[in-house]
Amino acid sequence: MKEPKDSCDDQYLTFTLEKGLYALSINHVREVLEYVTITRMPRTPDYICGVINLRGHAVPVVDLKVKFGLGQTEKTINTCIIITEVNFEGDQTVFGILSDSVREVYEMDEGQIEPPPNMGTAIRKDFIVGMGRSEDVFIIILDINKVFNSQELASVFDAVEQDNISAIAL
């Protein structure tokens, strides 16, 4: 017997990185923000842009283009921050992702999603849930829980915590 599906299981937020079209399950997306000032944090990997103030909470923001080796995201009028929830040690943790632009919420059922290709993508295969299609353009559907390993996430959250402690001490 099939488990009942969440009503959002076949909906994906599409966004661009470089010239590629990517997607995240809407179940992992909290909201989309216009670009806001990002406070750089010391002692973090180069793909960590820093933190933003999201309603009083420090939220780390990552540049997936840097993580995927696609260059660095340039700030433009279309640059957005996608606020996502990532599973970290059994808890849902909030993370921001820089994108060149956000497109739309796109519905794709399982029959429209193909397995990730063995070659031909700029990013690691295990980061990809599958490949969808919007007319003639492929959509790379990311598994956000696999893009960052637990060691990377721990170092980011340690840096955020240290930054918060430093700010309190001032």
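What counts as what
- Residues numbered from 1 in each chain as written.
- Predicted model: local features only at pLDDT ≥ 70, side-chain atom pairs only at ≥ 80, totals over all residues.
- Heavy atoms only, no water.
- Helix = DSSP H or I, 4+ residues; strand = E, 2+ residues; numbered from the N terminus.
- Buried < 20%, exposed > 50% of the residue type's maximum accessible area, 1.4 Å probe, protein only.
- Core = buried A, V, L, I, M, F, W, Y, C linked by side-chain atoms within 4.5 Å.
- Contact = heavy atoms within 4.5 Å.
- Pairing = 2+ DSSP bridges.
- Axes fitted to C-alpha atoms, helices over the stretch in contact; angles between N-to-C directions.
- pLDDT = per-residue confidence, 0-100.

A. Just unusual backbone geometry, in detail. For Arg43, which is not glycine, the phi torsion reads 60 degrees and is therefore positive. Of note, Arg55 is a non-glycine position whose phi angle comes to about 50 degrees, a positive value. Within the secondary structure, Arg55 is located in the loop between strand 4 (48-54) and strand 5 (57-63). Judged by its relative accessible area of 63%, Arg55 is exposed.

B. Representation of the nonpolar core. Among the nonpolar cores identified, the biggest contains 31 residues, and Leu64, Phe68 and Leu142 are the most heavily contacted of them. In this view, Leu64 contacts Leu17, Ile97, Leu142, Val147 and Phe148; residues no more than four positions away in its chain are not counted. Core analysis: the second largest hydrophobic core is formed by 11 residues, Leu33, Val61, Ile83 and Val94 among them.

C. View of the sheet that holds strand 1 (residues 11-17). Pairing in this open sheet of five strands is mixed, and the strands run 8-1-2-10-9 from one edge to the other. Looking at which strands have only one partner, the edges of the open sheet turn out to be strand 8 (101-107) and strand 9 (128-134). Neighbouring strand axes in the sheet, compared pairwise and without regard to direction, differ in orientation by 30 degrees on average.

D. Seen up close, the confidence of the model for the protein chain. In the predicted model, the protein chain carries a mean pLDDT of 84, and 86% of its residues have values of at least 70. Within the protein chain, helix 3 (residues 150-169) has the poorest average pLDDT of any element, 65, and strand 3 (residues 29-34) the best, 96.

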